[in-house]
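Below are the chains, spelled out letter by letter.
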Amino acid sequence: MSLEVSTMAVEGQKLVTSYGDGLFRFGEDTVVGSVLLFPDSVYTWNVKSVDDITLNSFERIIEAAETTDILLLGMGKRLTQIPMEWRQALREHGIVIEPMDTGAACRTYNVLVAEARRVAAALIAV
């Protein structure tokens, strides 16, 4: 079941327009599977569940630390605890990680992009 996300138009920015059925839509673009999302770009993310995540899974986020203050972690259908080592590793680069379910992460990401916040999202497909 695919869910639509209400978005405000933000010129030139990648916003989640819908998600579900194992994919994400960003306007006319569709990506199957999990994604790393930045306001100007989308990358496939080789993660199917929280159990697949390692510190290396955040490498691209850390590389973008100069333009990223907040990482929204969409953990699938429900929120679970994340290891403190993830928080610490990202914090060393000035990034705060905010875990939530994927739907909430999509909606929150869109709002923060519309507010011109320095945000990225790591979203597990649902």
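Here the structure is a predicted model, which means the values were calculated and not measured. (Residues numbered from 1 in each chain as written. Predicted model: local features only at pLDDT ≥ 70, side-chain atom pairs only at ≥ 80, totals over all residues. Heavy atoms only, no water.)

## A few points about the environment of Ile70
Next up, step 1: Among the structural elements, Ile70 can be located in strand 7 (residues 70-74).
Next up, step 2: Through-space distance from the C-alpha of Ile70 to that of Lys48 is 22 Å; in sequence the pair is 22 residues apart.
Next up, step 3: With residues up to four places along the chain from it excluded, the contact list for Ile70 reads Ile95, Val96, Glu98, Leu112, Arg117, Arg118, Val119 and Ala120. (Helix = DSSP H or I, 4+ residues; strand = E, 2+ residues; numbered from the N terminus. Contact = heavy atoms within 4.5 Å.)

## Quick look at the pairing of strand 5 (residues 35-38)
Next up, step 1: The alternating pattern of strand 5 places Val35 and Leu37 and Leu36 and Phe38 on opposite faces, both of which are buried.
Next up, step 2: Bridge count between strand 5 and strand 6 (residues 41-44): 4 bridges; the pairing is antiparallel. Opposite Leu36, over in strand 6, you have Tyr43 as the bridge partner.
Next up, step 3: Linkage of strand 5 to strand 6, two consecutive antiparallel strands, is achieved through a turn of 2 residues. (Buried < 20%, exposed > 50% of the residue type's maximum accessible area, 1.4 Å probe, protein only. Pairing = 2+ DSSP bridges.)

## What about helix 3 (residues 102-114)?
Next up, step 1: Here helix 3 is 13 residues long and its end C-alpha atoms lie 18 Å apart, about the 18 Å a rise of 1.5 Å per residue gives.
Next up, step 2: What helix 3 keeps buried is the set Thr102, Gly103, Ala104, Ala105, Cys106, Tyr109, Asn110, Leu112 and Val113.
Next up, step 3: The inward-facing, buried residues of helix 3 abut strand 2 (18-20), strand 3 (23-26), strand 5, strand 7, strand 8 (96-100) and strand 9 (119-123).
Next up, step 4: Regarding helix 3, its N-cap is Asp101, as a side-chain oxygen of that residue lies 3.0 Å from the backbone nitrogen of Gly103 further along. (Expected span 1.5 Å × (residues − 1). Polar contact = N/O pair within 3.5 Å; in protein donor to acceptor, adjacent residues only side chain to side chain.)

## Structural notes on the packing of aromatic side chains
Next up, step 1: Using the criterion set out here, one finds 4 aromatic pairs in the structure.
Next up, step 2: With a centroid separation of 6.0 Å and an interplanar angle of 80 degrees, the aromatic rings of Phe38 and Tyr43 are classed as edge-to-face.
Next up, step 3: Here Phe38 falls in the buried class, since its relative accessible area comes to 6%.
Next up, step 4: Arranged with centres 6.5 Å apart and planes meeting at 45 degrees, the rings of Trp45 and Phe58 form a pair that is tilted. Note that Trp45 is positioned in the loop between strand 6 and helix 1 (59-63) and Phe58 in the loop between strand 6 and helix 1, a separation of 13 residues in sequence. (Phe/Tyr/Trp six-rings, centres within 6.5 Å; stacked < 30°, edge-to-face > 60°.)

## As for the sheet that holds strand 5
Next up, step 1: Reading across the sheet, the 5 strands line up as 6-5-9-7-8 and stay open at both edges, with mixed pairing between neighbours. What marks the edges here is a single partner per strand, and that holds for strand 6 and strand 8. On average, adjacent strands in this sheet sit at an angle of 15 degrees to one another, irrespective of strand direction.
Next up, step 2: Pairing analysis gives 3 bridges linking strand 5 to strand 9, with the strands arranged antiparallel. The residue bridging Val35 from the neighbouring strand is Leu123, located in strand 9.
Next up, step 3: Here helix 2 (residues 84-91) sits on the sheet in contact with strand 7 and strand 8, set at roughly 145 degrees to strand 8. (Axes fitted to C-alpha atoms, helices over the stretch in contact; angles between N-to-C directions.)

## Some points on the pattern of salt bridges
Next up, step 1: Following the criterion strictly, the structure yields 3 salt bridges and no others.
Next up, step 2: The salt bridge partner of Arg118 is Asp69, with a shortest N-O separation of 2.9 Å. Here Arg118, found in the loop between helix 3 and strand 9, pairs with Asp69, found in the loop between helix 1 and strand 7; they are 49 residues apart in sequence, far enough to count as distant. (Salt bridge = Lys/Arg side-chain N within 4 Å of Asp/Glu carboxyl O.)

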